[in-house]
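# A closer look at the structure
Residues per chain, in single letters:
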Amino acid sequence: MKLGIVGLPNVGKSTLFNSLTKAGAESANYPFCTIDPNVGIVTVPDERLKLLGDMYHSKKVTPAVIEFVDIAGLVKGASKGEGLGNQFLANIREVDAIVHVVRCFEDPNVVHVDGSIDPLRDIETINLELIFADVEVLERRLAKQGRAACNDKKIAKEAQMLKRLIEHLEAGKLAISFELNDEDEEKWFAEYNLLTAKPVIFATNVAEDDLADDAANNANVGKVREFAASNGSEVFVICAQIEQEIAELDDDEKQMFLEDLGLSESGLDKLIKASYKILNLMSFLTAGEDETRAWTIKIGTKAPQAAGKIHTDFERGFIKAEVVNYKNLLECGSLSAARDKGLVGMEGKDYVVKDGDVILFRFNV
């Protein structure tokens, strides 16, 4: 999973990135501090892996990972070259979802590029820049069609769709809300890799005092939640500065620090949950003496395709999947004991993998 972090300058993007990845991206109180995109890898916390790894005495335990890409703060006119221009937008075309950091705290010591705190205005500014960048991509594609559209029905059909899509975007709407008519349009749409077609998770950056009650009384956060609900987006509340402090602690200290703040989970935990939810993802597990590992798949994935995440040969030569729920496996203490109790199923090609399944694939190539 790859997530791109965007936002205006000085909203806490790089501070959040630092806390998530401990990568030490430069963070300072002036616009355009982030000159090059920062990339960091974060492991997904999963207690199930440690328990299974201990049971099997695994030589290696491999969690799922998320890759974060942090780009320079965007400003009004970025798509036309303002600020640092749109050169950084290309860095987030390949991400699965966008984490949009929105400032919802007042602090006279931290400048805001527009001089005041207004999250909906800030969201609109970023969205418009993403829309303009997408329109530019689509217009180039439409121009390439040229005269060929007159002689090829397929090209002419795509050209018509491109015109509809450009009109949709120029009306201020995001590509994710564009209606597709058939499989051809779905295929073309996926090829465009549009920024505004990606699901969005809003990270509302608040003051420390707003964390304990999940910013229930923060009017700015309320506006973002209302906006997100009408656009099918996710929202989570963070204090980027606190997250950076948490990132410096070991696990035991981290838990104590969270409890002192009245929190049950960190911002990273919230973000991971929101990411999995908005991207419709879950994890299945493989376990053994050599390695215990989590594999991220789409909810609804069938056994052969899940096997293909491990290796294409597993999918190509799929025979059966030996499946047990991780809780049952831990309670029994071994796969053979779980088999004896009838808790292990031999599943075929139509089996839909469930979150927390521990699977042993049988295949022949």
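Residues numbered from 1 in each chain as written. Predicted model: local features only at pLDDT ≥ 70, side-chain atom pairs only at ≥ 80, totals over all residues. Heavy atoms only, no water.

### Here's the deal with the overall build of the protein chain
Helix and strand content of the protein chain: 14 helices and 12 strands. For the protein chain, with 365 residues in total, the buried portion stands at 48%. Here the analysis covers contacts within the protein chain between residues at least 6 apart in sequence; of these, 69% occur between residues at least 24 apart. Only carbon and sulfur atoms are counted for the fraction: they give 48% of the accessible area of the protein chain, which is about 18,100 Å². (Helix = DSSP H or I, 4+ residues; strand = E, 2+ residues; numbered from the N terminus. Buried < 20%, exposed > 50% of the residue type's maximum accessible area, 1.4 Å probe, protein only. Contact = heavy atoms within 4.5 Å. Areas by Shrake-Rupley, 256 points an atom, 1.4 Å probe, with all protein chains shown as cover.)

### What about the packing of aromatic side chains?
Throughout the structure, instances matching the rule amount to six aromatic pairs. Between Phe284 and Phe361, the ring centres sit 6.0 Å apart and the planes meet at 90°, which makes this aromatic pair edge-to-face. Of this pair, Phe284 sits in strand 8 (residues 281-286) while Phe361 sits in strand 12 (residues 357-363), and the two are 77 residues apart along the sequence. The positively charged end of Arg103 is found above the aromatic ring belonging to Phe105, 4.5 Å away from the centroid. (Phe/Tyr/Trp six-rings, centres within 6.5 Å; stacked < 30°, edge-to-face > 60°. Lys NZ or Arg CZ within 6 Å of the ring centre and 35° of its normal.)

### Things to note about helix 11 (residues 303-310)
Considered for burial, the residues of helix 11 that qualify are Ala303, Pro304, Ala306, Ala307 and Gly308. Where helix 11 is buried, its residues touch strand 8, strand 9 (291-298), helix 12 (312-316), strand 10 (318-325) and strand 12.

### A look at the pattern of salt bridges
Applying the stated criterion across every chain yields a total of 25 salt bridges. Between Glu136 and Arg140 there is a salt bridge, with its nearest N and O atoms 3.2 Å apart. With a gap of four residues between them, Glu136 and Arg140 both fall in helix 3 (residues 119-145), about one helical turn apart. Take Glu136: its relative accessible area is 31%, and that puts it in the partly exposed class. The partly exposed category is assigned to Arg140, whose relative accessible area is 47%. Among the ionic pairs, Lys277 bridges to Glu234, the shortest N-O distance being 3.7 Å. With Lys277 in helix 10 (residues 267-278) and Glu234 in strand 7 (residues 234-238), this residue pair connects regions lying 43 residues apart in the sequence. Take Lys277: its relative accessible area is 60%, and that puts it in the exposed class. (Salt bridge = Lys/Arg side-chain N within 4 Å of Asp/Glu carboxyl O.)

### Thoughts on the pairing of strand 8
Most of strand 8 is tucked away, with six of its six residues classed as buried. Burial along strand 8 is two-sided: Leu281, Ser283 and Leu285 facing one way and Met282, Phe284 and Thr286 facing the other are all buried. Sheet analysis places strand 8 next to strand 9, joined by six bridges and oriented antiparallel. By the bridge assignment for strand 9, Phe284 is matched with Trp295. What sits between strand 8 and strand 9 in their antiparallel hairpin is a turn of four residues. (Pairing = 2+ DSSP bridges.)

### Things to note about the confidence of the model for the protein chain
Of all residues in the protein chain, 88% attain a pLDDT of 70 or more, and the chain-wide mean is 86. Taken together, the stretch residues 24-35 has pLDDT below 50 and engages in 33 contacts with residues farther than four places along the chain or on a different chain. (pLDDT = per-residue confidence, 0-100.)

### So, a negative patch on the surface
A surface patch of negative charge is lined by Asp250, Asp251, Asp252 and Glu253. By the element assignment, Glu253 lies in helix 9 (residues 251-260). (Patch = residues over 30% accessible without salt bridge, like charges linked within 9 Å, V, L, I, M, F, W, Y side chains within 5 Å. Lys, Arg positive; Asp, Glu negative; His and termini not counted. Charge placed at Lys NZ, Arg CZ, Asp CG, Glu CD.)

### What to know about helix 10
Here helix 10 spans 16 Å end to end across 12 residues, near enough to the 16 Å set by a 1.5 Å rise per residue. The buried count for helix 10 comes to nine of 12 residues, which makes it a mostly enclosed element. A positive backbone phi angle near 60° is found at Asn280, which sits one or two residues after helix 10. (Expected span 1.5 Å × (residues − 1).)

### Focus: the packing of helix 3 against helix 5 (residues 153-170)
Between helix 3 and helix 5, the shortest axis-to-axis distance is 10 Å and the interhelical angle comes to 160°. Classed by the angle they form, the pair helix 3 and helix 5 counts as roughly antiparallel. Like other packed secondary-structure pairs, helix 3 and helix 5 cross with a definite hand, here left-handed. Within the contact between the two elements, helix 3 uses Ile131, Asp134, Val135, Leu138, Glu139, Arg141, Leu142 and Gln145 and helix 5 uses Ile155, Glu158, Ala159, Leu162, Lys163, Leu165, Ile166, Leu169 and Glu170. Partitioned by chemical class, the residues of the contact of helix 3 with helix 5 number 10 nonpolar, one polar and six charged. (Axes fitted to C-alpha atoms, helices over the stretch in contact; angles between N-to-C directions. Parallel < 35°, antiparallel > 145°, perpendicular 65-115°, else oblique. Left-handed = near helix turned anticlockwise from the far one by under 90°. Nonpolar A, V, L, I, M, F, W, Y, C, P; charged D, E, K, R; others polar.)

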